[in-house]
Amino acid sequence: MAEFSTPTSEQEFQLNFAQLKPHMNRTEALYESSRCLFCFDAPCIKACPSGIDIPQFIRQINSGNETGAARTIYEANYFGNACGKVCPTEVLCEGACVYNLQDVKPIEIGRLQSYATTKVIESGKKLFGPRADNGKSVAVIGAGPAGISAACELRALGYAVDVFEAKSQPSGLTVYGVAPYKITNEEALAEMAYLQAQFGYNTHFNSPINSRGKLAELENKYDAIFLGIGLGRTNELGLPGEDKINCTGAVEFIAELRQHHHEVAVGRKVIVLGGGNTAMDAASESARLGAEQVVLAYRRGKDEMGAYEFEYDLAKGVGVKGLFNVAPVEIVGNGYVAGVRFVRTETTDGKVQEIAGSEFVEPCDMVIKATGQAKQTEFLSLISGLKLDGKGRIVADAHTGQTSNPKYFASGDAWNGGAEVVNAAAEAKLTARGIHAYLSK
Amino acid sequence: MPDLSINFAGIKSPNPFWLASAPPTNSGYQVMKAFDAGWGGAVWKTLGVPVVNVSSRYGGVNYRDKRLVGFNNIELISDRPLADNLREIEEVKKRFPNHAVIASLMVQSRQEWHDIVRQSQDAGADGFELNFGCPHGMCERGMGSAVGQEPKILQMIVEWVMEVAQKPVIVKLTPNISDITEPAMAARRGGADAISLINTIQSIVGVDIDQFAPYPIVDGKGTNGGYCGPAVKPIALNMVKNCAQHPDVRLPISGIGGIENWRDAVEHILLGASSVQVCTAAMHFGFGIIREMTSGLEQYMVDKGFNTIYDFVGKALPNVLPWEQLNMKYKVTANIHEEKCIGCQLCYTACEDGAHQAIRLNAGTRVPEIIEENCVGCNLCSLVCPVEDCITMDRTDDGTQHLTWRERTEAGDVPVEFNDEKAGGRHHWVPEPTAALGKERHKTLPGKARVLNGETEVPAGV
Ligand SMILES: Cc1cc2nc3c(=O)[nH]c(=O)nc-3n(C[C@H](O)[C@H](O)[C@H](O)COP(=O)(O)OP(=O)(O)OC[C@H]3O[C@@H](n4cnc5c(N)ncnc54)[C@H](O)[C@@H]3O)c2cc1C
Ligand SMILES: Cc1cc2nc3c(=O)[nH]c(=O)nc-3n(C[C@H](O)[C@H](O)[C@H](O)COP(=O)(O)O)c2cc1C
Ligand code: SF4
Ligand code: SF4
Ligand code: SF4
């Protein structure tokens, strides 16, 4: 393998993690937008969770009205630029494009979208603004896609908004979780700065709301509280040896990578445990960091992986090898990770069963657990009357986002259990209207 | 191998493809290169008293990502001294004795016409083309289209030329006139041997919406120019047809306007042209396009069993009739071939908003359905459909009946009163106007196009 040598500088890092959806220039945007058929009741719009009027903005790009295009996008989705870059468009808008039915390459909707939004972000053009103060205020917990989208929409409705964020930067997993070849930190943060300049919500960074006391303060001071807290740390596996050095959670590994780029060290042979999109990301990222071998170990067969096919293809494309139908039983090694003891499995009637006596040790010097993110149940239990479902997701009204504690509203990963940036952005926009309806009663 | 050569009113050429009088024929260097590449003839850039041109001379019309579907210029005739041009004509003729070199001319007085015709004749030109077409600049000085628009003056100048011309004379017509056959007949009366058409169409090719000035911009200002290129072909074809069909014109026609490939050339020829001229396409893609043109023409002739160009000059003319002679019993109906449909629904919105509400959408499928009894067979849906042969217009009458408007008029069977029973649309279904109010909005602005009005639901969590 070793297609990528270990990056030792920011420049080398950028090469290894080159953007999958690089910026378009005007000529490319003109050609691509010219291909769009401008379908009636376009299937691409229906496939977009935030319902962006895609043929409309493509037409606007085509006629040289990029500002109008950006407005169309942002009217539907405040994370327009980020979504253009990080959305799994293959299974959303681009997957629904009618060209697929002709075996013609679908329109590059994501890149066109970012083309338009990048233009207004760079120019700082004023497109939106807050409505006149309506005298009410909302606290937003979490500055991820859900929280920031809610803040924008609430400002547009005339609310004073304070956003409280545990970390030092906004945009949540867009800047701490999404793979670096999908979006750069600069791009993600530029959109945040643009939105804040447009809407003027207040942000409080390094301000975790993590105690009953802080919650009580917010409850007293604000008319409503929006929960956009996302998910938590990587789930523990409960395996012996999990605490060995170089055994890490995928979310934590990626957060490090997003912040420290080439300064993050990766093993020579990495085993990634899991079969979801995060596992694919972690595997690809390890390979691009120069790991000589990356093995993706999954309990079931290849076809049963939760990851999108294109994400697996992306990982395979950088040399990642799959190891299927194996379950980890122990992380072995003396202080440091030296391998994973697996047992082979077979799936009968949908149930995974271990095959007795089939244990073996796959040597490695790093283990990345991509086995799902934990819910923030402990924090959520501090909110009185707040109901969670069996999987630890916040229970909220499907139309208004209102939780079982009428003062609290929720959207994004904390509510949907973990989806995409676009879902969080779309849900939060509607939940903000739910808050408005509630506070207007 | 079919024979591509022509004898156009006495001008011989190895193939019917000539470069039109324009920048590509500005010099001997260019014309020799063109002949080397395979062009059959060249009409030299118009000779006369040399002009002075402005800088910033051309403008283009782009359609989406396609450049120069239309082209315009505010250039005048040749700006090179006559002696230089004539010397180069002579040189070209020496090296290419079998190619056609035609001198395009534009001057004012009888004496000037006599002088320039004699001198180009001496230089070895195979014929002349009188430029009565330039629609900008030259016409302000009483030449070009100013002549082409006055049949009497045109005829007089042709007569002057015929007094000294010993080589065939072609009159180049301007399209900036309501009936092209009038100057064509004037040319014939004057004794011309052939006509060529069209020259460029007076135009403003676009307006710079930031500088508030028309293209091309000359120091913040602009002027009307002459329009040509692919966009003008339909206008040229119609004018070629008009001249070819007119019983009093009866002159060989050199077809010009929007010719870029062999297909365009064949269309001009089928409507009566027996040579074709090209300007914009050569300016856009260079002389090399001739290879595609000759190979395409040859292949077409082989496929059709034509031995010479003359086997199909004007072959479509008998099928171009006045409207009143078309068969009103003929009926086609749109037919969607489901297996090809990609569900863009452009046919639906086109027919719903722009035609006869003869296409419906059904739940559970993106493939629209034709409502046969409402379809008038207008072709619109088949024209907007992006998939080749996905919507076909199939004949639905049995082909036994034939009735024209003229016959109906003669039989007294046409609507004559405002509310006549015989009105064509009278027994055709038209929806009630009020059906359009509010509740039919989804037929124009579907689904999520209206999401901001709060009409959609919260997306379900995963
Ligand atoms: C590895 C990985 C890769 C991904 N890749 C993609 C991708 O390519 N494309 C895509 O569309 N989606 C991707 N996603 C999913 C996407 O990032 C999330 O769906 C989206 O970010 C959810 O937004 P959110 O606002 O609900 O939560 P988050 O983005 O998690 O934001 C929550 C914010 O709240 C803050 N917070 C939490 N608790 C508190 C508290 N008590 N007080 C103050 N602040 C708090 C957090 O610090 C964080 O900033 C990926 C996710 C992961 C984990
Ligand atoms: C820049 C330019 C200059 C032209 N100059 C002349 C000219 O000097 N004499 C002439 O008869 N026609 C002139 N024409 C008209 C062309 O010969 C031709 O009639 C016209 O462009 C239509 O053909 P096309 O569609 O192939 O371009 C000129 C056209 C262009 C674009
Ligand atoms: S489905 Fe494809 S072609 Fe149709 S409007 Fe959407 S992007 Fe354009
Ligand atoms: S042919 Fe015309 S009337 Fe008939 S379905 Fe098509 S668009 Fe409608
Ligand atoms: S225009 Fe053609 S492809 Fe599009 S929906 Fe109609 S029949 Fe299908």
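This one's a predicted model, so the numbers in the text were calculated from it and none came from an experiment.

What counts, and where the lines are drawn
- Residues numbered from 1 in each chain as written.
- Chains lettered and ligands numbered in written order.
- Predicted model: local features only at pLDDT ≥ 70, side-chain atom pairs only at ≥ 80, totals over all residues.
- Heavy atoms only, no water.
- 1 Å grid on protein atoms, 1.4 Å probe; cavity = no way out; pocket = protein on both sides within 12 Å on 5 of 7 lines; lining within 4 Å.
- Points joined across faces, edges and corners; volume = space filled by probe spheres on them.
- Nonpolar A, V, L, I, M, F, W, Y, C, P; charged D, E, K, R; others polar.
- Near = heavy atom within 4 Å.
- Pairing = 2+ DSSP bridges.
- Helix = DSSP H or I, 4+ residues; strand = E, 2+ residues; numbered from the N terminus.
- Axes fitted to C-alpha atoms, helices over the stretch in contact; angles between N-to-C directions.
- Contact = heavy atoms within 4.5 Å.
- Buried area = accessible area lost by both parts, 1.4 Å probe.
- Polar contact = N/O pair within 3.5 Å; in protein donor to acceptor, adjacent residues only side chain to side chain.
- Domains from an automatic or database assignment.
- Buried < 20%, exposed > 50% of the residue type's maximum accessible area, 1.4 Å probe, protein only.
- Right-handed = clockwise from strand over helix to strand, strands pointing away.
- Patch = residues over 30% accessible without salt bridge, like charges linked within 9 Å, V, L, I, M, F, W, Y side chains within 5 Å.
- Areas by Shrake-Rupley, 256 points an atom, 1.4 Å probe, with all protein chains shown as cover.
- Salt bridge = Lys/Arg side-chain N within 4 Å of Asp/Glu carboxyl O.
- Parallel < 35°, antiparallel > 145°, perpendicular 65-115°, else oblique.
- Left-handed = near helix turned anticlockwise from the far one by under 90°.
- Phe/Tyr/Trp six-rings, centres within 6.5 Å; stacked < 30°, edge-to-face > 60°.
- Lys NZ or Arg CZ within 6 Å of the ring centre and 35° of its normal.
- Core = buried A, V, L, I, M, F, W, Y, C linked by side-chain atoms within 4.5 Å.
- Expected span 1.5 Å × (residues − 1).
- Arc of directions from axis to C-beta.

Draft legend 1. Quick look at the layout of surface pockets. All names here are of chain B. Here the second largest pocket defines a volume of roughly 610 Å³. Lining the second largest pocket are 23 residues, with M328, Y330, K331, V376 and G424 sitting closest to its centre. The class makeup of the residues in the lining of the second largest pocket is 12 nonpolar, 8 polar and 3 charged.

Draft legend 2. Inspection of the site of ligand 4 at higher detail. The local shell around ligand 4 holds 14 residues, among which C351, C375, C378, N379 and C381 of chain B are the closest. Its residues assigned to classes, the shell around ligand 4 comprises 11 nonpolar, 3 polar and no charged.

Draft legend 3. Structural view of the sheet that holds strand β6 (residues 66-73) of chain B. Residue and element names in this part refer to chain B. Spatially, β5-β6-β14-β11 is the arrangement adopted by the 4 strands of the open sheet, whose pairing is antiparallel. The two strands at the open ends of the sheet, each matched to only one other strand, are β5 (58-63) and β11 (201-203). Strand-to-strand twist across the sheet, computed as the mean angle between neighbouring axes with direction ignored, equals 45°. Examined bridge by bridge, β5 and β6 share 5 bridges and lie antiparallel to one another.

Draft legend 4. Up close: the interface of chain B and chain A. Taken together, the contact pairs 27 residues of chain B with 33 residues of chain A. Summing both sides of the interface, chain B and chain A together bury roughly 2,600 Å²; the carbon and sulfur share of this comes to 62%. Summed over the shared surface of chain B and chain A, the number is 5 residue pairs in polar contact (both at pLDDT 80 or more). Tallied by class, residues from the side of chain B that touches chain A come to 14 nonpolar, 7 polar and 6 charged.

Draft legend 5. Just the domain arrangement of chain A, in detail. All names here are of chain A. Split by domain assignment, chain A resolves into domain 1 (21-123), domain 2 (137-232 + 375-439) and domain 3 (247-369). Once you take the C-alpha centre of each, domain 1 and domain 2 turn out to be 26 Å apart. Taken residue by residue, the interface counts 20 residues in domain 1 and 26 residues in domain 2. Summed over both sides, the interface between domain 1 and domain 2 buries roughly 1,900 Å², with carbon and sulfur atoms accounting for 69% of that surface.

Draft legend 6. Inspection of the pairing of strand β7 (residues 100-105) of chain B at higher detail. Residue and element names in this part refer to chain B. Counting buried residues along β7, 6 of its 6 residues qualify, which places the element largely inside the surrounding structure. Of the two faces of β7, the one holding A100, I102 and S104 and the one holding V101, A103 and L105 are both buried throughout. Pairing analysis gives 3 bridges linking strand β4 (residues 41-43) to β7, with the strands arranged parallel. Its bridge partner lying in β7, V43 is registered against I102. Bridge analysis of β7 against strand β8 (residues 127-131) gives 4 bridges, and the strand direction is parallel. Counted as the bridge partner of A103 is F128 from β8. Between the parallel elements β7 and β8, the chain passes through helix α3 (residues 110-123) in a crossover that is right-handed.

Draft legend 7. Quick look at a nonpolar patch on the surface. Residue and element names in this part refer to chain B. There is a patch of nonpolar side chains on the surface, built from L321, W323, L326 and M328 and spanning about 410 Å² of accessible area. Within the secondary structure, W323 sits in the loop between α10 (290-304) and β17 (332-336). In this structure W323 comes out as exposed when scored by relative accessible area, which is 58%.

Draft legend 8. Quick peek at the packing of helix α4 (residues 54-62) of chain A against helix α8 (residues 109-123) of chain A. All names here are of chain A. Look at α4 against α8: their axes get within 10 Å of each other, and the N-to-C directions meet at 55°. Considered as vectors, α4 and α8 are oriented oblique to each other. In the packing of α4 onto α8, the handedness of the crossing is left-handed. Across from I54, F57, I58 and I61 in α4, the residues of α8 making contact are I109, L112, Q113, Y115 and A116. By residue class, the composition of the contact of α4 with α8 is 8 nonpolar, 1 polar and no charged.

Draft legend 9. Up close: unusual backbone geometry. All names here are of chain B. Cis rather than trans, the peptide bond between L197 and I198 has omega equal to 10°. Checked against the element boundaries, I198 lands in the loop between β10 (194-197) and β11. In this chain, Y215 is followed by P216 through a cis amide linkage whose omega measures -15°. The topology assignment puts P216 in the loop between β13 (213-214) and β14 (225-228).

Draft legend 10. Focus on the sheet that holds strand β14 (residues 408-410) of chain A. All names here are of chain A. With parallel pairing, the 5 strands of this open sheet are ordered in space as β3-β2-β1-β4-β14. Bordering the open sheet on either side are β3 (202-204) and β14, each of which pairs with just one other strand. Each strand of the sheet is rotated relative to its neighbour by a mean of 20°, with strand direction disregarded. Strand direction decides the pairing type here: strand β4 (residues 224-227) and β14, joined by 3 bridges, are parallel. By the bridge assignment for β14, L227 is matched with A410. Against the sheet, helix α9 (residues 145-156) contacts β1 (137-141), β2 (160-164) and β4, and its axis sits at roughly 170° relative to β2.

Draft legend 11. Summary view of the domain arrangement of chain B. By the assigned domains, chain B splits into domain 1 (6-319) and domain 2 (323-444). If you average the C-alpha positions of domain 1 of chain B and of domain 2 of chain B, the two centres end up 41 Å apart.

Draft legend 12. Structural detail: the packing of aromatic side chains. Taken as a whole, this structure holds 20 aromatic pairs over all chains when the rule is applied. Summarising the aromatic geometry, the rings of F17 of chain A and Y181 of chain A are spaced 6.3 Å apart at their centres and angled 15° between planes, so their arrangement reads as stacked. Of the two residues, F17 of chain A is situated in the loop between α1 (10-16) and α2 (26-35) and Y181 of chain A in the loop between α10 (173-176) and α11 (185-199); the sequence distance between them amounts to 164 residues. Here the two residues F17 of chain A and Y181 of chain A agree in accessibility, since each one is buried. These aromatic residues form a ring-pair network of at least three members: W262, Y300, F306 and F312 of chain B. If you follow R59 of chain A out to its NZ or CZ, it ends over the ring of F38 of chain A, 4.2 Å from the centre.

Draft legend 13. Layout of the nonpolar core. Formed by 92 residues in total, the largest nonpolar core has its most connected members in W39, V171, I195, L197 and F312 of chain B. For this core, the element with the highest residue contribution is helix α5 (residues 151-164) of chain B, accounting for 6 residues. With sequence-adjacent residues up to four places away left out, I195 of chain B is seen in contact with F8, I170, V171, L173, A184, A187, C243, V249, L251, P252, I253 and S254 of chain B. One finds M24, I52, F57 and I107 of chain A within the second-largest nonpolar core, a separate group that totals 48 residues.

Draft legend 14. The environment of T371 of chain A, seen in detail. All names here are of chain A. Its place among the elements puts T371 in the loop between β13 (366-369) and α16 (377-380). Residue classification places T371 among the partly exposed positions, given a relative accessible area of 29%. Separated by 95 residues in the primary sequence, T371 and G276 have C-alpha atoms spaced 8.0 Å apart. Beyond its immediate stretch of four places on either side in the chain, T371 contacts T234, N235, L237 and L273.

Draft legend 15. Representation of helix α2 (residues 82-95) of chain B within the structure. All names here are of chain B. Between its first and last C-alpha, α2 extends 20 Å over 14 residues, near the 20 Å set by a 1.5 Å rise per residue. What α2 keeps buried is the set L82, N85, L86, E88, I89, V92 and K93. Seen from one end, α2 has its buried residues packed into an arc of 165°, which puts them on one side. Exposed and oriented more than 90 degrees from the buried face of α2 are A83, K94 and R95.

Draft legend 16. Here's a closer look at empty space enclosed by the protein. Residue and element names in this part refer to chain B. With the rule as written, the count across this model stands at 8 cavities of 30 Å³ or more. In terms of lining, the largest cavity is formed by 36 residues, of which the most central are S21, A22, N199, T200 and C279. Secondary-structure elements contributing two or more residues to the lining of the largest cavity are β6, β14, β16 (273-278) and α9 (280-285). With 3 residues, the top contributor of residues to the lining of the largest cavity is α9. Of the residues assigned to the lining of the largest cavity, the class counts are 20 nonpolar, 12 polar and 4 charged.

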